[in-house]
Amino acid sequence: MADWVSKWLNYVTLKDKVVNVFTIAWCIWRDRCSFIFQDKALNHHSTFRIAMKLVIETEQYLNSDETQPVITSTPPTGLDFAAATSNLPQDCIIIYSDVSFHKNTKFSGIGLIMNDNAGNYLGCKTISGITRDAEEAESLAILEVVLWAREKGKDKVCLISDAKLVLDYLNNNNNQICWFNNSILDDCKSVISSFSFIRFEFLNRSFTNMADTAAKYCRNSRGNGQWFGYTPNFLTAWM
């Protein structure tokens, strides 16, 4: 391995492209690790797309003499529930998603609540983990939503979350997502391509209280679980 890498650094035609070489090599290594340790299917198109995006962004940053501006936005207020869930197919399910993230320990908890179109509770799922930041946890939560829906044989889904930037990315309304989370959300897009109906709606946290309760319980207890057709003890206060 050492000889292999040293050739990259010393080979004349690659010497001026060392940043590009290592960026591409890292992307290949990352996806290879996902395949080996997480049994994630390899997609060379996705690997290439992410690698080239990173190469371009890195070159732009290194060649720029200007300080990158800090992007700020007005805190969103959210839509009302009626507007977010209007005109849904009769057999569409609604999944509420929320996360709880501790910035010091990096522990995160994902809480998902599935209801039918009439608002009747169907199930709950929690997933604990360690993430870089809240945005990564929110991105993983959205991926868990579509995987859960597919697992349950649902192909008409309305997802409700307070993660506005993540939802805007999925709705093609912004590119203000960290590059690492792009691949997570692109995986999400790949899954939903088989759905017959999908809608991503932003609502503020007052509409996702049950999912918030599940997420906090999950982070504090470090417990993963799924309750379909019945209610876990930590949600009984909401029933």
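The structure we're discussing is the one just above.
About the thresholds
- Residues numbered from 1 in each chain as written.
- Predicted model: local features only at pLDDT ≥ 70, side-chain atom pairs only at ≥ 80, totals over all residues.
- Heavy atoms only, no water.
- Pairing = 2+ DSSP bridges.
- Helix = DSSP H or I, 4+ residues; strand = E, 2+ residues; numbered from the N terminus.
- Axes fitted to C-alpha atoms, helices over the stretch in contact; angles between N-to-C directions.
- Contact = heavy atoms within 4.5 Å.
- Expected span 1.5 Å × (residues − 1).
- Buried < 20%, exposed > 50% of the residue type's maximum accessible area, 1.4 Å probe, protein only.
- Patch = residues over 30% accessible without salt bridge, like charges linked within 9 Å, V, L, I, M, F, W, Y side chains within 5 Å.
- Areas by Shrake-Rupley, 256 points an atom, 1.4 Å probe, with all protein chains shown as cover.
- Salt bridge = Lys/Arg side-chain N within 4 Å of Asp/Glu carboxyl O.
- Core = buried A, V, L, I, M, F, W, Y, C linked by side-chain atoms within 4.5 Å.

Draft legend 1. Looking closely at the sheet that holds strand 2 (residues 107–115). With mixed pairing, 6 strands are arranged side by side in an open sheet as 5-4-1-2-3-6. Of all the strands in the sheet, just strand 5 (197–202) and strand 6 (225–228) have a single pairing partner and so form its edges. Averaged over all neighbouring strand pairs, the angle between strand axes comes to 15°, with direction disregarded. Across 6 bridges, the pairing between strand 4 (residues 156–161) and strand 5 is parallel. Looking across to strand 5, one finds that Leu-159 is bridged to Phe-200. Together, strand 1 (93–101), strand 2 and strand 3 (121–130) form the strand contacts of helix 9 (residues 209–221), whose direction differs from that of strand 2 by roughly 145°.

Draft legend 2. Geometry of helix 9. The terminal C-alpha atoms of helix 9 lie 18 Å apart, and with 13 residues this matches the ideal 18 Å at 1.5 Å per residue to within 8%. Turning to helix 9, its buried residues are Met-210, Ala-211, Asp-212, Ala-214, Ala-215, Cys-218 and Arg-219. Where helix 9 is buried, its residues contact strand 1, strand 2 and strand 3. Immediately downstream of helix 9, the backbone of Arg-222 shows phi near 60°, a positive value.

Draft legend 3. The arrangement of a nonpolar patch on the surface in detail. Among the surface-exposed residues, Phe-35, Ile-36, Phe-37 and Leu-42 lie close enough to one another that they form a single nonpolar patch of about 440 Å² accessible area. Here Phe-37 lies in helix 3 (residues 18–38). The exposed category is assigned to Phe-37, whose relative accessible area is 66%.

Draft legend 4. A look at the environment of Ile-192. Mapped onto the elements, Ile-192 comes out in helix 8 (residues 179–192). In this structure Ile-192 comes out as buried when scored by relative accessible area, which is 13%. Distance from Ile-192 to Asp-155, taken between C-alpha atoms, is 8.3 Å for residues 37 residues apart in sequence.

Draft legend 5. Fine view of the nonpolar core. Judged by nonpolar contacts, the single largest core of 32 residues is most densely connected at Ile-95, Leu-112, Ile-142, Val-146, Cys-188 and Phe-200. At the level of elements, strand 1, strand 2, helix 6 (134–151), strand 4, helix 7 (164–170), helix 8 and strand 5 are the ones that each hand at least two residues to this core. If we skip the residues at most four places from it in the chain, Val-146 touches Cys-188, Val-191, Ile-192 and Phe-195. Ranked by size, the runner-up nonpolar core spans 18 residues in total, among them Met-210, Ala-211, Trp-227 and Leu-235.

Draft legend 6. Unusual backbone geometry, seen in detail. In the Ramachandran plot, Asn-87 falls in the positive-phi region, its phi being about 60° despite a non-glycine side chain. Mapped onto the fold, Asn-87 is located in the loop between helix 5 (81–84) and strand 1. Notably, Arg-222 is not glycine yet its phi reads approximately 60°, a positive angle. Note on placement: Arg-222 falls in the loop between helix 9 and strand 6. Relative accessible area serves as the criterion here: at 33%, Arg-222 is assigned to the partly exposed category.

Draft legend 7. Geometry of helix 8. With 14 residues, helix 8 should reach 20 Å at 1.5 Å per residue; the first-to-last C-alpha distance of 21 Å fits that figure. By the criterion of burial, helix 8 is predominantly enclosed, with 10 of the 14 residues buried. Those residues of helix 8 lying buried are Phe-180, Asn-181, Asn-182, Ser-183, Ile-184, Leu-185, Asp-186, Cys-188, Val-191 and Ile-192.

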